[in-house]
Protein chains: 4
Amino acid sequence: MIEVGIFGATSYTGLELISLLVNHPYAGIGFAASYSKAGEILSDSFPKMPSLHLISPGEADLSSVDLVFLCLPHGEAAETAIQALEAGCKVIDLSADFRLKDAAIYKQWYGKDHPKPDLLADACYGLTEITRESISGCSLVANPGCYPTSVLLPLYPLVQEGLLHGQVIVDSKSGVSGAGRRPKETTHFVSVNDNFSPYSIGRTHRHLPEMEQVLQDWGSGQTGMLFSPHLLPVSRGILSTIYAPIKNGTNLDTLHNLYQSTYQNEPFIELLAPGKHATLAHVVHTNMCTIGIALADSTVILTAALDNLLKGASGQAVQNMNAIYGWEETSGLVFTGGHHAST
Amino acid sequence: MIEVGIFGATSYTGLELISLLVNHPYAGIGFAASYSKAGEILSDSFPKMPSLHLISPGEADLSSVDLVFLCLPHGEAAETAIQALEAGCKVIDLSADFRLKDAAIYKQWYGKDHPKPDLLADACYGLTEITRESISGCSLVANPGCYPTSVLLPLYPLVQEGLLHGQVIVDSKSGVSGAGRRPKETTHFVSVNDNFSPYSIGRTHRHLPEMEQVLQDWGSGQTGMLFSPHLLPVSRGILSTIYAPIKNGTNLDTLHNLYQSTYQNEPFIELLAPGKHATLAHVVHTNMCTIGIALADSTVILTAALDNLLKGASGQAVQNMNAIYGWEETSGLVFTGGHHAST
Amino acid sequence: MIEVGIFGATSYTGLELISLLVNHPYAGIGFAASYSKAGEILSDSFPKMPSLHLISPGEADLSSVDLVFLCLPHGEAAETAIQALEAGCKVIDLSADFRLKDAAIYKQWYGKDHPKPDLLADACYGLTEITRESISGCSLVANPGCYPTSVLLPLYPLVQEGLLHGQVIVDSKSGVSGAGRRPKETTHFVSVNDNFSPYSIGRTHRHLPEMEQVLQDWGSGQTGMLFSPHLLPVSRGILSTIYAPIKNGTNLDTLHNLYQSTYQNEPFIELLAPGKHATLAHVVHTNMCTIGIALADSTVILTAALDNLLKGASGQAVQNMNAIYGWEETSGLVFTGGHHAST
Amino acid sequence: MIEVGIFGATSYTGLELISLLVNHPYAGIGFAASYSKAGEILSDSFPKMPSLHLISPGEADLSSVDLVFLCLPHGEAAETAIQALEAGCKVIDLSADFRLKDAAIYKQWYGKDHPKPDLLADACYGLTEITRESISGCSLVANPGCYPTSVLLPLYPLVQEGLLHGQVIVDSKSGVSGAGRRPKETTHFVSVNDNFSPYSIGRTHRHLPEMEQVLQDWGSGQTGMLFSPHLLPVSRGILSTIYAPIKNGTNLDTLHNLYQSTYQNEPFIELLAPGKHATLAHVVHTNMCTIGIALADSTVILTAALDNLLKGASGQAVQNMNAIYGWEETSGLVFTGGHHAST
């Protein structure tokens, strides 16, 4: 049994994390810190949440916990990570601060100098299914972005097999919780309801360099991928439609077998039968990534769905904690109850 | 450990029940029967559901199970109940067939003779918090309607204390899953989205005689209550706003204390602080009934919310099974996972 | 042809008003003022709006227009009204500043002294169908609240006929645009979607004294009415379900005839056949108020629907302008185009 | 002034058409025919619609009208078109029956022989902005599919200029009204709400051969385009995100100028500033097609939005009627009223 601390407890990812941790068999919540709600009881503001006492970040006793989760804005997260590491805590960072390996690229996309560039080399990228071995001995895990998780997991088998052959185009659609809990014009109900909006399309979204970095690490020559996110009128869920050109001559059965052999033992990856496509209904309120495979001439069209707050954030963060400590990876993540049903 | 059978497995309540039972510590699924999908694998049609083999109702081996859940239309349910009782099974009926005690009233509201009127006297009304003692020895439990559960639980303390004094007006609002899975014009997305519709208002909805019967059993003089349901553009959840005139001179604190003393040990009833109102966000994807109490002159305004598929149907059915067998009433009903969070 | 000015042009009611006025046969837009977007072009921020140049309120030349519409917060509106009246403009105020006749009641509900109490007596309450005669010679029209419009129009025939007999209970449900365009936690898409929430129920909402004042003016003895608003997950529309006790012995046909004779020549009131209920789909994107009548024993249950931004605000404001100038009351308000269809 | 007849009057496109025609300055509705609602009054079933008497298709007097609109399923439409043409009517067919020029391709995609292949050569493809000259003398207009309209209008300038250079990938998202009014599992509110689903992706949707035929007519070498539709949880609207590889060396300003010069006089095409993207909010309840242009290396990313029932169906059908008769093309299509506003 370990104790964990949570920074940014009242963000969407913080709330989701707390929901998971209250039922985790090996981890207890040591503290939950929040700037905006310090001093309050969590359940007073958030229906269905436990009645945790929220502290201010300054009150956090890092010596009392084994691991901290950072549900903070980028920039802020790095500062807290440094303190936590110095206090001997392990760190799982849900922000973007330790995802990019190159401080120059960080500056280019995030508009400021990285607060601690020498730590970048130590951070492990926590795409659990692919990197779990490196995570197990790691003190600082960079939890992947929600979009990259929905793109990298379905692309991995193609890259590993050397099948990818040309420019990948990713057309992604995300629910509104991905934009965070702070009220903005763009997240007002009236702006989102009955609407559907592209944003940061082409080569302009911050998750693009993260995806390209990983693909290049995996040995793909991919340098000019296109990534177009869109805002869906739903609360949760990401669906990415991925157009991946491959070498001629591979058929759908071969592809399906490749995915099956890669992912057959993964509890959080669901591979659909050929011709079936992933939908949000497959994944919302679960830690699953559901993948569908279609083939049109020499383009593989992958559909991949996940819950942006679970497999795309807090669920994967718990999965990474499980990997760090060598616990069953599904600990705290196999849900009971009505949320399995079709509604 | 017991084995249970489910009739009507691919209805919304059937699916929800299966989701609960696959995680129940003391009950296993012996069979799941469906007219429309017999011979198929459940997960092929319903994302997130387990890969159960569905049988036709005729193939059901009643001798192989201890209890059956009936997720069938009224009329059909009674026929199956008779067979199951004769085979020695206990029965929890989610239809309306055994809720009314008077066959003449059944005929008046359901438009046909009751298929087995002599069984009506044997059936126990399964509003678990109130009737759990009678349920424990009962072979045939009539699971309450979704609307009545959302009305009777909040009214009970007032009636018990003898405070109710005049005509109760209930203004209820329900999500679309309450109308069932069969596609109809009224459940088409385009009909429901951006819309809000009253239906069967006043004294014309079938749940009205059910509520009045129970209130009269409890000794309320209530005979002319008004009940106005409305269709909400949401998938799940009921919120009832209840206007209950009381005797002069009772204040809000006294009322709150009454509710607290009545329900303080109930795991599935959440009583809000005075002045706070129940919302769907309090309850969706849980087995909770959340109750808010307000007072305006001599009218108590109760707001009560529940998930129509859980506390309003399948969750309460499992709660009733737990009561029959004397298990911890929360068995299989305390959910882990992300659905606790605010989204 | 007159020229009008708009203050608060980028509020929801301001935008709606501009949409109406660009097609009005007798009124042109002289200026459109906005604090937050002064200096910008309206269409740059708001898709589908005309490319109007927005000025700051201080730049508004009151001598250049005949009438101003105030789409401002209460308190602010009164200040601007005074200046406009002094400059010789007619004023239609969409805020609450001139709806209540009693400055003490204003202070009680709005928490501050009324900025110009001596003007209260001069203001005409602009519930057009009922008060159009007084409006025609009026310089300062208080446009009714959205909820009161949806309650007073359906209650009027009962009050006029002297049928009302006891406490009225109003259970209202409104779309999110009623809460304004400023982003708040309560209007975040994730807070509203899949949710339904009561607020300010009983005798605590500011529209209650407005409704009681009018009912008392009409000679109803109504002093203790209950009014419970709820937030719907839709962008536009209000549906009020009204429980009105009446004297014994009136039947539904008599009631229907009463409503028909009262409203048969009103272009913006649609009376449904007995037993049919109003829904949001009847009214959204129109200036109609649709009314359904049901009777349960001696309670009339009225369902009344309107678009909160049109008949509940800007549409009625234009109707009031038409009444002031003696134009056909439907001028600028009979819509062409696809928004009539069922979707 | 002409008289028109409508077949399929109670389909979504039929209802939308009627809404437009009741306000058309030069066309009156001679008859409105419906199989399912013959003998009824339109407004009884459909709020906000006029009180038209619906006849059965067999009762239609083709000699009494100048033109008929066919809002019928494919196959059925061709049969009625033949009769109408023989009776001397002009025909605007909103089905797919006369869009494809090659009867063999029709059979391949629609699964049956074309009912009247010799008529295919006579039919004019009614993409009004591009083909209006051929329409003006045409008796049989094939109204384009909703998806093709959203793809062809934005691609046209690239093709005309000879800039297109490689495989086009179209990722489209449509609201539920595109699936028709008949209730199905896939259009049940509970199936669609909170969900997002790909379907018929790659090279499997019937609108693909329609688009490829037109592109080839325009001289594009396009033969292997990919087209992936998805179902959005909204009632109306299509947004297509189009990835179009172009010859190296063209910059965004040049592209924008090209589009501006092509479309500057088109009342129903809105070209956004470079870097702005089309959204559903730009177009819903209007006859506009809004186009955004972005450039990423040598791929143009076009975002194009339209209302599938207006510019994607009935609005364009009226536009085509206007073109046939040489009336102002905006006749009956420039909407007044509140639907311009941002909600």
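Residues numbered from 1 in each chain as written. Chains lettered and ligands numbered in written order. Predicted model: local features only at pLDDT ≥ 70, side-chain atom pairs only at ≥ 80, totals over all residues. Heavy atoms only, no water.

(A) Structural detail: the overall build of chain A. When helices and strands are counted, chain A shows 10 helices and 14 strands. A globule of 343 residues ought to have a C-alpha radius of gyration of about 20 Å, and chain A, at 19 Å, matches this closely. Evaluated residue by residue, chain A yields a buried proportion of 66% over its 343 residues. Within chain A, counting contacts between residues at least 6 apart in sequence, those at least 24 apart form 67% of the total. Surface summary for chain A: the accessible area is close to 11,000 Å², and the carbon and sulfur share equals 47%. (Helix = DSSP H or I, 4+ residues; strand = E, 2+ residues; numbered from the N terminus. Rg over C-alpha atoms; globule rule 2.2 N^0.38 Å. Buried < 20%, exposed > 50% of the residue type's maximum accessible area, 1.4 Å probe, protein only. Contact = heavy atoms within 4.5 Å. Areas by Shrake-Rupley, 256 points an atom, 1.4 Å probe, with all protein chains shown as cover.)

(B) Fine view of the relation of the copies chain B and chain D. Overlaying chain B with chain D gives an RMSD of 0.0 Å, the required rotation being 180 degrees about an axis along which the chain moves by 0.0 Å. The superposition of one copy onto the other is thereby described by a two-fold rotation axis. Distance from the rotation axis, computed per C-alpha, reaches its smallest value in chain B at Phe189(B): 2.0 Å. Take the interface residues of chain B: 100% of them recur as interface residues in chain D, which is what a same-surface contact looks like. (Least-squares fit on C-alpha atoms with pLDDT ≥ 70 in both.)

(C) Structural detail: the pairing of strand S8 (residues 169-174) of chain D. All names here are of chain D. Among the six residues of S8, six are classified as buried, and the element is accordingly described as predominantly covered. Where S8 and strand S10 (residues 226-231) come together, six bridges link them in parallel fashion. Note that in S10 the partner of Val170 across the bridge is Phe227. In this structure, S8 lies alongside strand S11 (residues 238-245), joined through six bridges in antiparallel fashion. Residue pairing in the sheet places Ser174 in a bridge with Ile238 of S11. (Pairing = 2+ DSSP bridges.)

(D) Focus on the pairing of strand S13 (residues 299-306) of chain B. All names here are of chain B. Of all eight residues making up S13, eight are buried, and the element is well covered by its neighbours. Both faces of S13 are covered, namely the face carrying Thr299, Ile301, Thr303 and Ala305 and the face carrying Val300, Leu302, Ala304 and Leu306. Bridging between strand S10 (residues 238-245) and S13 involves eight bridges; their strand directions are antiparallel. Looking at S13, one finds that Ala244 is bridged to Val300.

(E) Structural context of the state of the cysteines. Residues and elements named next belong to chain A. Summed over the entire model, instances satisfying the criterion amount to four disulfides over all chains. What pairs with Cys124 in a disulfide is Cys138, and their sulfur atoms sit 2.1 Å apart. In this structure, the disulfide formed by Cys124 and Cys138 twists by about 105 degrees around the S-S bond and is classed as right-handed. Within this pair, whereas Cys124 is found in strand S6 (residues 124-125), its partner Cys138 is found in the loop between helix H5 (128-135) and strand S7 (140-142), the two being separated by 14 residues in sequence. Residue Cys124 shares its accessibility class with Cys138, and that shared class is buried. (Disulfide = S-S within 2.5 Å.)

(F) Local environment of the pattern of salt bridges. Here the structure, examined in full by the defined rule, presents 44 salt bridges over all chains. In this structure, Arg99(C) and Glu210(C) form a salt bridge, with 3.5 Å as the shortest nitrogen-oxygen distance. Here the residue Arg99(C) occupies a position in the loop between strand S5 (90-93) and helix H4 (103-110), and Glu210(C) occupies one in helix H8 (residues 207-217), the gap between them amounting to 111 residues. Glu210(C) matches Arg99(C) in its accessibility class, with the two residues each being buried. One connected set of salt bridges, linked through shared partners, spans Asp171(A), Lys173(A), Asp171(D) and Lys173(D). (Salt bridge = Lys/Arg side-chain N within 4 Å of Asp/Glu carboxyl O.)

(G) Layout of the nonpolar core. In this structure, Leu21(B), Phe69(B), Met321(B), Phe69(C) and Met321(C) are the most contacted members of the largest nonpolar core, which totals 91 residues. Not counting residues within four places of it along the chain, the set of residues in contact with Leu21(B) comprises Val4(B), Ile6(B), Ala27(B), Ile29(B), Phe69(B), Val318(B) and Met321(B). Residues Leu15(A), Phe46(A), Cys124(A) and Val318(D) belong to the second largest nonpolar core, which totals 90 residues. (Core = buried A, V, L, I, M, F, W, Y, C linked by side-chain atoms within 4.5 Å.)

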